[in-house]
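Residue-level structure breakdown
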Amino acid sequence: MKVMKFGGTSVGRPERMHHIASLVTKETEPTIVVLSALSGTTNALVEIGNNIARGDREGARETIAKLEAHYRAFVSELVKSDEAVAKAQQIIDDHFEFLTIILRISFSEALSKDILAQGELLSTKLFSVYLEEQGIPHTLLPALEFMTIDSYDEPQIGSIKVKLSQQLEQHKDKKLFITQGYICRNAKGEVDNLKRGGSDYSASLIAAAINASACEIWTDIDGMHNNDPRIVKKTVPVEQLSFEEAAELAYFGAKILHPASIWPAQQYSIPVKLLNTMQPDAKGTLITANAASVGVKAVAAKDNIIAIRIKSSRMLLAYGFLRKIFEVFEKYRTPIDMITTSEVAVSVTIDSSAFLKDIIKELEPFGSVEVDEGQSIISVVGNEISQTSDIIKRLFGSILNIPIRMVSYGGSPHNISLLVPAAQKDQILQQLNKGMFGLE
Ligand code: ASP
Ligand code: MG
């Protein structure tokens, strides 16, 4: 079996849904299709939840009405037969009635998760109606029956496997399955989700659970590129990456793949393919256990980074100092991305300011604390890059004009990270494109 996941833009227009139906029916292998919500839907659902949380029911009502109109227009082009139109309209009736009822209930975290789940439920049900109209045999698998997370919000492949196998067992004769990305049930049995962009994660968890031959992530670009195509004019897709390289790139800014989606595929050795819905024959990017070649493959940037420097002469020759500092971040559940140290100071970066004030307050007893907001991490990713001759020269040589706040080298053989002012990020990516890849 294989898994094919389609993102929001791949299902965001009726003609695109028609197109992906033709892609999934080309398959000879049994396939589980994982769908995101139509593009824009999850953002609208977040807004509805926020409105309700703020007590702005009128705002919520407006957003719901706008979203409903969008879906009505969508199905009018998605399906043609009276029967299919009636079915699709009924699905919209049900889900929007649910959202309207929610307006009368007092807000809770669990309720907001119920709201967020509507997007993937709608997209998969509407796709199913279209497939049915086309006479394409398939089964809709409810993700809420098999995709679960534990009390630490961690999915457990073992239990997903048991539950999913039970579902598949009931439809042995079928070859095409459709299910929701993103949504799941938590340890309390409530509807929950795998966080924004989590449909990729769903796909790779499912692929691991069924030991799939491949996990295909279909988006609107032909694979992971060597640089950020939104910023740099000339970028090229990277044909092959190792899981480690892909994880670094996904974590440090390449928007195409949810970073968490790497580990299930890696642990169960499932090849991941990044493919383009609009250009199905393009090679895309293949991610497997081996890196095809030595050297730099890509650069990526992550924004909204905050650097914190803690300076103290007490750090000199002391042990246990770093532990105490890290404990502060642990207490506030704030992950650290980069670390650099000198004998009397340590600099770390974080990407969330949610607890910044508390963190600073608790760090102050350890020494002087300096905070620089508005930074970006530029990550240079490849295989055994430290062994690549003249890499350092090429890297720094191409950005001689840039003030660099931190450098992290040697943490992994696949990554060199630089912390730079966010305002200079675009320029750096452009200069690196020329200096590292010879692309202009
Ligand atoms: N629909 C969800 C989101 O927009 C999940 C996904 O698309 O991956 O975040
Ligand atoms: Mg995505």
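Described below are features of the structure shown in this document.

Parameters and conventions
The numbers attached to residues start from 1 for each chain and follow its sequence in the written order. Chains and ligands are labelled by the order in which they are written, letters from A for the one and numbers from 1 for the other. With pLDDT at 70 or above as the cut-off, local features in this predicted model cover only qualifying residues; side-chain atom pairs require 80 or more to be listed or tallied, and sums for whole chains, interfaces and linings still use all residues. Side-chain calculation: all heavy atoms of the structure are included, whereas hydrogens and water are not. One requirement defines pairing of two strands: DSSP has to find at least two bridges between them. For the purposes of this entry, the term helix denotes a DSSP run of H or I that reaches at least four residues, the term strand denotes a run of E that reaches at least two, and both are numbered from the N terminus. Helix axes use the C-alpha atoms of the stretch in contact, all axes being lines fitted to C-alpha atoms, and the angles between their N-to-C directions lie in the range 0 to 180 degrees. Should any heavy atoms of two residues lie within 4.5 Å, those residues are counted as being in contact. To form a nonpolar core, buried Ala, Val, Leu, Ile, Met, Phe, Trp, Tyr and Cys residues must be joined to one another through side-chain atoms within 4.5 Å. The classification of residues rests on relative accessible area computed with a 1.4 Å probe and restricted to protein chains. Under 20% of the type maximum is buried, over 50% is exposed, and intermediate values are partly exposed. What goes into a patch is any residue over 30% in relative accessible area without a salt bridge, connected to like charges within 9 Å or, for nonpolar side chains (Val, Leu, Ile, Met, Phe, Trp, Tyr), within 5 Å. Only the protein chains shown count as covering a residue, and every accessible area follows the Shrake-Rupley method with a 1.4 Å probe. Whenever Lys or Arg places a side-chain nitrogen within 4 Å of a carboxyl oxygen from Asp or Glu, that contact is recorded as a salt bridge. Whenever a nitrogen or oxygen atom comes within 3.5 Å of another N or O atom, the pair is scored as a polar contact, on the condition that within protein one atom can donate a hydrogen and the other can accept it, and that pairs from neighbouring residues in sequence are kept only if both atoms are in side chains. To be near a molecule or strand, a residue needs just one of its heavy atoms within 4 Å of it. Each residue is assigned to one class: nonpolar for Ala, Val, Leu, Ile, Met, Phe, Trp, Tyr, Cys and Pro, charged for Asp, Glu, Lys and Arg, and polar for all the others, Gly among them. These descriptions rest on fixed angle ranges, namely under 35 degrees for roughly parallel, over 145 for roughly antiparallel, 65 to 115 for roughly perpendicular, and the rest for oblique. In this scheme the crossing of two helices becomes right-handed for a clockwise turn of the near helix relative to the far one and left-handed for an anticlockwise turn of less than a right angle.

Observations concerning the sheet that holds strand β14 (residues 368-383)
The six strands are arranged β12-β13-β11-β14-β16-β15 in an open sheet whose pairing can be described as antiparallel. Lying at the two open borders of the sheet, with one neighbouring strand each, are β12 (336-341) and β15 (406-409). Pairs of neighbouring strands in the sheet enclose a mean axial angle of 30°, with direction left out of account. Where strand β11 (residues 295-311) and β14 come together, 13 bridges link them in antiparallel fashion. The residue of β14 that forms the bridge with Val296 is Gly382. Along the sheet, helix α11 (residues 321-331) makes contact with β11, β12 and β13 (345-350), crossing β13 at roughly 25°.

Focus on the nonpolar core
Among the nonpolar cores identified, the biggest contains 97 residues, and Val3, Phe6, Phe127 and Leu164 are the most heavily contacted of them. Element by element, the count of residues in this core is highest for helix α6 (residues 109-133), at eleven residues. In this view, Leu164 contacts Ile32, Leu141, Phe146, Ile206, Ala209 and Ile210; residues no more than four positions away in its chain are not counted. Listed in part, the 19 residues of the second largest apolar core include Val232, Ile402, Val420 and Leu429.

A word on a nonpolar patch on the surface
Together, Leu316, Leu317 and Val344 line one region of the surface with nonpolar side chains, adding up to about 300 Å² of accessible area. Within the secondary structure, Leu317 is located in the loop between β11 and α11.

Some thoughts on the sheet that holds strand β8 (residues 240-242)
The strand order across the open sheet formed by eight strands is β3-β4-β2-β1-β7-β9-β10-β8, and the pairing between neighbours is mixed. Each of the sheet's edge strands pairs with one partner strand only, and the pair in question is β3 (139-141) and β8. For this sheet the average axis-to-axis angle between neighbouring strands, irrespective of direction, equals 20°. Here four bridges tie strand β1 (residues 2-6) to strand β7 (residues 215-219), and the two strands are oriented parallel to one another. Looking across to β7, one finds that Phe6 is bridged to Trp218.

Focus: the environment of Asp222
As for its position among the elements, Asp222 is in the loop between β7 and β8. Of the residues examined, Asp222 reaches a relative accessible area of 17% and is grouped as buried. In sequence terms Asp222 and Lys233 are eleven residues apart; their C-alpha atoms lie 15 Å from each other. Within the structure, Asp222 has its side chain in polar contact with the side chain of His225 (distance 2.7 Å).

As for the environment of Ser261
With respect to the helices and strands, Ser261 occurs in the loop between α9 (243-251) and α10 (262-267). Here Ser261 is in contact with Asp200, Tyr201 and Ser204, once residues within four sequence places are set aside.

Here's the deal with the pattern of salt bridges
Using the criterion set out here, one finds 23 salt bridges in the structure. Note that Arg72 is salt-bridged to Asp93, the shortest N-O span being 2.8 Å. With a gap of 21 residues between them, Arg72 in helix α4 (residues 57-78) and Asp93 in helix α5 (residues 82-102) connect regions that are remote in the sequence. In this structure, Lys434 and Glu440 form a salt bridge, with 4.0 Å as the shortest nitrogen-oxygen distance. Note on Glu440: relative accessible area 70%, which makes it exposed. Members of the salt-bridge network, linked through shared partners, are Lys2, Glu27 and Glu216.

Re the site of ligand 1
Around ligand 1, the surrounding shell consists of Ser36, Ala37, Thr42, Glu120, Tyr182, Arg196, Gly197, Gly198 and Ser199. For ligand 1, a nitrogen atom lies 2.7 Å from a polar atom in the side chain of Thr42. Here Arg196 contributes a side-chain N or O atom positioned 2.7 Å from an oxygen atom of ligand 1. In isolation ligand 1 has 260 Å² of accessible area, and contact with the protein removes 86% of it. Of the residues contributing to the shell around ligand 1, the split by class is two nonpolar, five polar and two charged.

Describing the packing of α4 against α6
Packing of α4 against α6 leaves a shortest axis separation of 11 Å and a crossing angle of 20°. If you check the angle between α4 and α6, you find them roughly parallel. The way α4 lies across α6 gives a crossing that is right-handed. Where α4 approaches α6, its residues Tyr71, Phe74, Val75 and Leu78 are matched on the opposing element by Leu122, Leu126, Tyr130 and Glu133. Taken together, the residues of the contact of α4 with α6 break down into seven nonpolar, no polar and one charged.

In short, the description is geometric, and any link to function would need to be established separately.
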